[in-house]
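Observations on the three-dimensional arrangement
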Amino acid sequence: MSGEVIRLDHAVRTRSSGGRIRQPPETVSPAGEMPNGRPTRPGISTPLPDPERVDGHRGESGPEPDEWDRRVANLLGFVRRRLTGEYPVDEFGFDTDLTDTTLLPLLRLLYQRWFRVEVSGIENVPTKGSALLVANHSGTVALDALMLSVAVHDEHPTQRHLRLLGADFVFSTPLLADLARKAGATLACNPDAERLLRSGELVGVFPEGFKGVGKPFSERYKLQRFGRGGFVSAALRSGAPIIPVSIVGAEETYPLIGNIKPLARLFGLPYFPVTPLFPWFGPLGLVPLPSKWLIEFGAPIHTTELDASPDDPMTVFNLADQVRESIQQTLYQVLLRREGVFG
Amino acid sequence: MPSKVAGFRTVLVTGVSRYLGALAAARLAADPEVERVLAVDTTPPQGEAAALLFQAPEPRTTATRQAGRTAEQKIEFIRADIQNPLIAKVIVGSEIDTVVHMAVQVSAARSARRATKELNVIGTMQLLAACQKAPALRKLVVKSSVAAYGASARDPAMFTEDTAPREMPRGGYAKDVVEVEGYVRGFSRRRPDVGTTVLRFAPFLGPRADTALTRYFSLPVVPTPLGYDPRMQFIHTDDGLEVLHRSVAEDHLGVYNVAGEGVLLLSQAIRRAGRVPVPVLELGLSTLAGFARRSGLIDFSIDQLDFLVHGRVVDTASLVKEFGYRPRPTVETFDDFVRGRDLTSVISPDNVVALERLLLDQIRQARQRMSWAGEER
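A brief report on the enclosed structure follows. (Residues numbered from 1 in each chain as written. Chains lettered and ligands numbered in written order. Predicted model: local features only at pLDDT ≥ 70, side-chain atom pairs only at ≥ 80, totals over all residues.)

**What to know about the sheet that holds strand E6 (residues 242-248) of chain A**
Paired through backbone hydrogen bonds, the strands of a sheet run either parallel or antiparallel to each other. Residue and element names in this part refer to chain A. Note the cut-off: Two strands pair if DSSP finds at least two bridges between them. The helix and strand labels rest on DSSP assignments: H or I over at least four residues marks a helix, E over at least two residues marks a strand, and numbering proceeds from the N terminus. The contact rule is simple: place each C-beta atom from the backbone, and if two of them lie within 7 Å, those residues are in contact. Only the stretch in contact is used when fitting a helix axis, every axis being a line fitted to C-alpha atoms; angles between N-to-C directions are given from 0 to 180 degrees.
The sheet built from 7 strands is open, its strands ordered E1-E9-E6-E2-E5-E3-E4 with mixed pairing. Strand pairing shows two members of the sheet lacking a second neighbour, strand E1 (118-120) and strand E4 (186-187), which therefore form its edges. Taken together, the 4 bridges between strand E2 (residues 131-135) and E6 define a ladder with parallel strand orientation. Pairing of Leu132 across the sheet is with Ile242, part of E6. Packed on one face of the sheet, helix H5 (residues 143-155) meets E1, E2, strand E3 (162-166), strand E5 (202-205), E6 and strand E9 (294-297) and runs near 165° to E3. Its contacts with the sheet place helix H12 (residues 313-337) against E2, E6 and E9, and it is angled at close to 35° to E6.

Given below as structure tokens:
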């Protein structure tokens, strides 16, 4: 649980970037607030706080830091920031405060309890500076992207945020568009990918796109074509290393056994999934199967060391193929390692 | 590199009957290096604009006093329609060396839309045609808008000056802006000796600004698009004028985004203004906008609605680099607007902080009582 505490602290310290401090924080700032709220610069992750300094209310119930009190204070502080709009948002719409306080804790339940995700190779993700995480996409609903974000944040020693690149569809769907931006995602396009990478962020991309996430269950763990390889040129241009990521377990969450195309067309969806539980069981069909997940971060491919030009299509295709092959091989190995689909 | 243009200047400013145009004219007139300001508009300025043009404050710099003329003495208002070829006579006859084109404007009121389009597009064409025949002309500064980028879900997170919109923006004003910029590009090809600066401004905000957006944020209950929380950027009126002034006083050729760094989410902005957001289905929003328009409450155009749904953020790196000037951040700009408008409500930050403290104290006391009770037992 101690990890949880640090995360809450992290959220509390993130203060308004606007420099509008209406009162001297020392006198008015309620409990749980940093006395010297350091302004956060957009696009740059906040440095991690040390957990000791936040609980300003020890002593009221003995020498032990009052965990419960601090949580109440943090919650109230969060609600106040929401009500007054005093929280920073970066240019992409990433709301660290909301992500750390609400979105990640919710996803963490799914991550820890439901899918029991196990991670290997997290040391391949750099502690600072940019990297492009390229992963396989599967599972009808893009849960793998969300779980990958939790994995990077929770397992990484410096708790970095993963900035996902999402399809057009995500950003033209009400509610989803809103949440995606607040969680740090942005549109999968080269300007955005390069901008994020240049500002030293970890960027997550699923080059298979809908071809991967919406493929039938019979083709599970078979990587689909990798789009146009735009991710490779983004990495080459910004000099960011590419880290192949293999995700096992997402395929079994919603086994896609059919696709009702007329309905998909009607709702403007990329596909209308039929799974063993959906749509037959109604809302129950929305519950993902509790498959066992394994995520492996592969060795980084350092693009700066390659003698490759981002404008040479052949190089780009070859590098994309190399990444794809690496993920595919790792998928097979990890599958062998998994004891059972639900084990 | 920015370099000062030597000699005294004669500047023509269009669109001065609007607040911003009047501000720009007054600001230029206060510059000691400016000899004359010809302020042009179809209607005579009234109210605030007139006050700015004709009752300019005491000359601030000693240089102006030495010149022997106060700022308002330098301003000459000319009632002229830039759609009329007569404007050419003014430009050539007065040996204008700088034209500041501020007349491209929004008008959402449906009835006025055609007239506005005429003024925006045909007016610009005529003005540029006149400029082309003016031998003394050395500089053209055009007030454009980030509306040129449109606003859609498929756009990159930030627009740079060379981002082409994925699709032609919806809505009259945005289309006008795109067309106007096209004509300006054509002009600068034909008159390469005239330095052309196009400034794409983010929506203006300031303590005294009065636009559709400021009225929107002043509504007690603010309708927002359900399921969207657009990222917004603003430019402070003072900063906008500073950039405009610098593009006249110094040489900064090219196209520049002018906005305050950073973003505010719509919901965040509404909270900071102490208002209550009410999410409305996107379809309902255009209906509401229609009501607002017909009742004369707020004039919202379609491109402004798109902005309210998808937001718009621009990269200002080249502005900062070229002008050596950093407009104040969007958040500060917005807060200044809120202070200037004196928007206060029940949900003021002070009240929220007080409530938070109260709740926290109550909970602490309750828990303390519980723990004492536990020990006694």
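**With respect to the environment of Thr127 of chain A**
All names here are of chain A. Stated formally: Backbone-placed C-beta atoms define the burial measure: a residue is buried with 20 or more other C-beta atoms within 10 Å of its own, exposed with 12 or fewer, and partly exposed in between.
Summarising the element assignment, Thr127 is placed in the loop between E1 and E2. With 9 C-beta atoms packed within 10 Å, Thr127 lands in the exposed category. For the pair formed by Thr127 and Val213, sequence separation is 86 residues and the distance between their alpha carbons is 29 Å. Once you skip the residues sitting within four places of it in the chain, Thr127 turns out to touch Pro157 and Thr158.

**Concerning the interface of chain A and chain B**
Applied cut-off: When residue character is reported, Ala, Val, Leu, Ile, Met, Phe, Trp, Tyr, Cys and Pro are called nonpolar, Asp, Glu, Lys and Arg charged, and the others, Gly included, polar.
Chain A puts 36 residues into the contact, and the matching count from chain B is 34 residues. At the level of secondary structure, the elements contributing two or more residues to the side of chain A that touches chain B comprise helix H3 (67-84), helix H6 (168-172), helix H7 (176-182), E4 and helix H8 (190-198) of chain A. If one sorts the elements of the side of chain A that touches chain B by residue count, H3 of chain A sits on top with 7 residues. Residues of the side of chain A that touches chain B, tallied by class, amount to 17 nonpolar, 9 polar and 10 charged.

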